[in-house]
Structures are given as C-alpha cells and as structure tokens.
Amino acid sequence: MASAAAATAAAAAASIRERQTVALKRMLNFNVPHIKNSTGEPVWKVLIYDRFGQDIISPLLSVKELRDMGITLHLLLHSDRDPIPDVPAVYFVMPTEENIDRMCQDLRNQLYESYYLNFISAISRSKLEDIANAALAASAVTQVAKVFDQYLNFITLEDDMFVLCNQNKELVSYRAINRPDITDTEMETVMDTIVDSLFCFFVTLGAVPIIRCSRGTAAEMVAVKLDKKLRENLRDARNSLFTGDTLGAGQFSFQRPLLVLVDRNIDLATPLHHTWTYQALVHDVLDFHLNRVNLEESSGVENSPAGARPKRKNKKSYDLTPVDKFWQKHKGSPFPEVAESVQQELESYRAQEDEVKRLKSIMGLEGEDEGAISMLSDNTAKLTSAVSSLPELLEKKRLIDLHTNVATAVLEHIKARKLDVYFEYEEKIMSKTTLDKSLLDIISDPDAGTPEDKMRLFLIYYISTQQAPSEADLEQYKKALTDAGCNLNPLQYIKQWKAFTKMASAPASYGSTTTKPMGLLSRVMNTGSQFVMEGVKNLVLKQQNLPVTRILDNLMEMKSNPETDDYRYFDPKMLRGNDSSVPRNKNPFQEAIVFVVGGGNYIEYQNLVDYIKGKQGKHILYGCSELFNATQFIKQLSQLGQK
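Just so it is clear, the model here is predicted, and its values are computed rather than measured. Each chain carries its own residue numbering, running from 1 in the direction its sequence is written. Under the rules for a predicted model, residues below a pLDDT of 70 receive no local features and side-chain atom pairs below 80 are neither given nor counted, while totals for whole chains, interfaces and linings still include all residues. Hydrogen atoms and water are omitted, and side-chain values are computed over all heavy atoms in the structure.

Asker: I'd like a rundown of the pairing of strand β9 (residues 258–263), residues and numbers included.
Answerer: The buried fraction of β9 amounts to six of the six residues, a majority that puts the element mostly inside the structure. Here, a strand pair is defined by DSSP locating no fewer than two bridges between the strands. The numbering of helices and of strands both runs from the N terminus, where a helix is a DSSP run of H or I of at least 4 residues and a strand a run of E of at least 2. Across four bridges, the pairing between strand β8 (residues 210–213) and β9 is parallel. Paired with I210 across the strands is L258, a residue of β9. Sheet analysis places β9 next to strand β16 (residues 591–597), joined by six bridges and oriented parallel. Along β16, the bridge assignment pairs V262 with V596. Between buried and exposed lies partly exposed: a residue is buried under 20% and exposed over 50% of the maximum accessible area for its type, with that area taken using a 1.4 Å probe on protein chains only.

Encoded structure:
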C-alpha cells in the first residue's frame, strides 16, 4: 500500500484545495471517508454553519455538490431555524461562546434527530464541558453523535493559494499589526489567531514544515509561536495530529516543505501597484471576493426621456472557479491577451453553432423533435455528434458570456482611469528606469485616474526612491495631490514607516526593466471585436521577481544572499529547539509555502506562479493573513496615518 501511495504522491502532489475538499466531504459524510461510486441514496441531512464555516465551504463546494452529499438545507447557526426532528444535523462552526450557547439551545429545543458537532478550530476543554452539561440537562446525550475538531480554520481559494480568514479579518489586518498603540496582549491575540490558522493548515496538509523568517518582525513572532505549537503537538505522541496514515499518503512523504514567513513591511509598493494581469485586475477594479465577482450592470439611460430616473442597476455575480477552463488558463495573462482570447472563443463557438444549424436545415428537421433525428441513419452520424455536443456548447457559451461581461467591466476601468499609463509608469519607477514624463504631470492631469490612483502612484514613487524628495519638492507634490482631491493620510504613515525602515534596512529592489509596449492592439482592433481597445497600450510583461519571490528563491534554492542570510531557522521536529539561522538541510527544497503576515495580493501570487513554472517538479503555495486590493490597503494606511 505504502509504495502505491508514495508513487501517487510523487506523480501529483495533492493540492491543498483537494485536501481541504476531501476533509469537508468526510465531515459531511458523518466523518467517515466519502466513497465516490457507492450506490444508494445519500443520508439526507442539514448543514448548520456560522459565517466562518460558510466562507470555508463556499469556494470549495457548490450547492449541487452539497446536494449530492445529501445536504438538503444549509442554514446559518444564528438564523431562525424550524425544528426538523427526524433529520440528522451536521454543524460546522467556530468554538466561540455565542455559538456554543446557541448549540446548547438547539439541544434543549430538540431541533434535530442527531447532532454531529464539528469545530473549525480546536475547542477548549471547558467549552466541551458546557456542551456536555447542556446535553445532560436536555437529556439529549444519545443524540449528540460525534464531536470533532476539524482543524480547517483557513480558506483555500486556489490549488496553490489560501487566506486565513474573511469574517473578522480586521483583527489580523496590516493595520492591526502595525498600530503604534497596540498593547502586548492585543499583539499576542493577533499572533495566536494567525498561528491557530496556520496550524490548521499544516494539519490539513499533513506535513511538518521547516520554518524560516526574517528577524525583528511580526513574521518572527508567528514563527516562534508556530514552532512551539507544532513541537508540543509532536511531543504528545498519542494525540499527535501528524502521525501515521496522514503522513504516509501525504504529498510530502519524501521531503518536508519549507515555510517562509514574510512580513508585509518588506514590500509596501506591490500592494499599491496597478496591475496588468487578468485576475489581479479583476481584484483591483471590481468587487472580487472569495472567488466571486459582483458586477453592477448599468442598463443605459441614453434613450430615456429627459428628467427620467436612471434605471436601477442590476447586480450580477459570477463565480470564477477552477472548473472554469478559460479562467484557469488566462487568469495570469496580460489583459489585452485575455480580450483577444475571449474574442477567439466566441468565434469558434459561433462556428460550431452554425454547423449544428446547417446540418438541421439540410435534413429539413427544423422543427422536428430529437427522436425523429436519431431515427434517420447514415447522414445522422454527424448530426448526432453535433447534438450530443450541445450541453458542452451551452457551457462554453455561458463561460464566454461571463468573461465578456467581466472583461468589459475591467476594460471600462482601464480606459476611464488610464490604468495602462499608471501600470507602465509605476513599473518604470519600481525598476528605476528613466521616466519619460514627470510625476507632477500625471498627478495634475484631471483625465488620468481617480484621486486614489494618483495617491497610489505617488506612494510607490515615495517608497521606491533611494533619495526621499526634498521638503520643497514634497510640498509641491502634496499641493498637487490635494488639488487632485487626494487624502494625504496614507502619506503620513508611509513617511513614518520609511524613516523607521531606513534605519533597519535598504529599500527593496524590484529587478530591472519590465514592460515593452507592442504598438496598439493590432489584431483585436481590426476584427470587429467587442472590445474596443483603442488607446489602450498593449504591454507585454517580462518575468521579474518581486521581493517576496526573490526571498523565496534564496531560501528554497539555498542561495547565499545578504537579504536572507540572517533569516531564522526552526525545525519543530528537532527535540531541542536551537535558535540558529544556520540551516541543517543543505539541499534545495521541492515544496514551499510562502506566507505573508500582514496581507497579500494577487500580484504577488501571480509572480510566484510564473516563477515556479520554470522550475521542474517544484511546488509553491501562497498564503496571507488577509487578501486586500489597493483600495482596501490605502484605507488601512490612511487609518494608520490619522494618529
């Protein structure tokens, strides 16, 4: 058995997405492994979750998949629920005071036939006793079938990307960690929250990592606590979560993964950067959240009589999932390429659709039903294949429509705000190339971008320059920014931050030249495309590593580099923890997890994905304490700057 497991592990590393999905399915199947091809109806049951549970399940399992698992109803714990006395209930909630009170109340009210209580994160002894007492009082002890700690307290968004939480993310946000007035106990709480989720992540992964982190940062505090927690769990051999079956079949049975803990403060420019790849753009300019994008469709006002109320905007939401082939293929592509691909897909779809219509009309079967079609012989072989491909065609059509809508919405932002200009200019600043026009011109150009775009640009300039602008220059910039309607609070914070980090280290460098414009979009322009790309530059990206990717590269490949040489080294499996930055393992790693304490973004994720494409047989996971776009990040900087 072991060899087979090892062989599959070598062939394809089970992604964290698969592992978390398998764990959820096992839970929904009353904590026995879910067998795919078992015949017979599933056991019908209700799923009760809190907002945390909802956020973990929704990116992974669709309503249809839940139904296939026998879930007829899924309800929030704190909603009014009617008793369904003959159905078992599976709970999936955080072990908080109020959740437990509510569960005890359910027991007292005898809402369900039996109760399978699953806690997202480990429940404490005392709270477990509260439940036991409530069950006794309600004489429902026999109905509480199982109580499980699931260790699933993190959200997986991609095969290789996860984020800690979504509900109370302000507790672990960049602002929370960097507040000047934070007390030690508050900081402890923040760190414990992060460590609890990371611990769950490694339990689900079935591996004990080797940990590296920078010194003197929040990342180091996380590393120390995580090392301690993993160590304690491994010591307690009887209850260890990292033994036996989980490890043997794990993807890391040959070599342990490397966990690189990075602090957001090593690179504040990237989260503010305007971007040019599809997924990162969607996250930057649209409302994109836990793999779902919400669009407002404006139903035009042009032809309405004067003075009429503009029509209500329709809200539409689309799920961008790993099942969506187009998304999987193009989420990392530069935007003009995406527009072109949508157009090509559309053309190939139309050709297929016309073929089906043509065949039908040849055979004079316009209005006939499918039965008549299949009865005709020879000539029908073609038609049957055409008809059988209809469901596939419809699915294709749905995806084309979805991406047409999403890409059009993104394009409107690019054109209205001249995002291509911003992207190109920022890339030049970050790679220290000579600038073709002055920063002041862009800031004072009323047509270029929103006040926030201008602020982002200026902050990137301010963060990236070796030589801070003189007071006189700074005043001039500030005046231009204020005239453009910008809020200067974020600059206040970045100024303090820069003064502080200047003492600590040199600014991060962002590699060398990056974009080369390729003339305007020739192909898309002349084929009557739906995307009118006039005036948008067709910028092509060159792979260059961002600071986070560079740090990972040094540590994963065991390169010596002043930037990472003093990173601390922890191995929770060593009996005595020794505080050294000398790694015992001299071989390069095959698997690595990069975790950004203080928040991450899709630009860094995409940069890591592109980096690892060139490395055979290596895998990277990207995780962060929260996922923010530039707007949300600026807001946090602004709050920090108000103090």
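Asker: Describe in detail unusual backbone geometry, supporting the description with residues and values.
Answerer: In the Ramachandran plot, K418 falls in the positive-phi region, its phi being about 55° despite a non-glycine side chain. Note on placement: K418 falls in the loop between α16 (390–417) and α17 (419–430). A positive phi angle, close to 55°, is found at M558, a residue other than glycine. By secondary structure assignment, the location of M558 is in the loop between α23 (547–556) and β15 (568–570). Here M558 falls in the partly exposed class, since its relative accessible area comes to 23%.

Asker: Give me the pairing of strand β6 (residues 155–158): which residues, what numbers.
Answerer: Across a regular strand the side chains alternate sides, sitting on one face of the sheet and then on the other. Relative to strand β7 (residues 161–163), β6 is paired through three bridges, and the arrangement is antiparallel. If you follow T156 over to β7, its bridge partner there is F162. Taking the residues that link successive antiparallel strands as the turn, the β6-β7 hairpin has two residues.

Asker: Would you mind going over the packing of aromatic side chains in detail, with residue names and values included?
Answerer: By convention, a stacked pair of Phe, Tyr or Trp rings (six-membered ring in the case of Trp) has centres within 6.5 Å and planes under 30 degrees apart, an edge-to-face pair has planes over 60 apart, and any other such pair is tilted. All chains considered together, the criterion is met by 24 aromatic pairs. Three or more aromatic residues link up through ring pairs in this structure, and these residues are Y278, F288, W327, F335, Y602, Y605 and Y622. Just above the ring of F30 sits the side chain of K45; from NZ or CZ to the centre is 5.1 Å. By the criterion adopted, a ring carries a charge over it if an Arg CZ or a Lys NZ lies within 6 Å of its centre and within 35 degrees of its normal.

Asker: Describe in detail the pattern of salt bridges, supporting the description with residues and values.
Answerer: When a carboxyl oxygen of Asp or Glu lies within 4 Å of a side-chain nitrogen of Lys or Arg, that pair is called a salt bridge. Scanning all chains against the criterion turns up 29 salt bridges. With a closest N to O distance of 3.0 Å, D68 and K64 form a salt bridge. One end of the pair, D68, and the other, K64, are both in helix α4 (residues 63–68), four residues apart, so they sit about a helical turn from each other. Judged by relative accessible area, which is 46%, D68 ranks as partly exposed. For K64, a relative accessible area of 54% corresponds to the exposed category. Between E355 and R358 there is a salt bridge, with the nearest N and O atoms lying 3.3 Å from each other. Linking E355 with R358, this pair stays in helix α13 (residues 335–362), spanning three residues, or about one helical turn. According to the relative accessible area criterion, E355 is partly exposed, its value standing at 30%. Through salt bridges that share partners, D284, R417, D453 and R456 make up one connected network.

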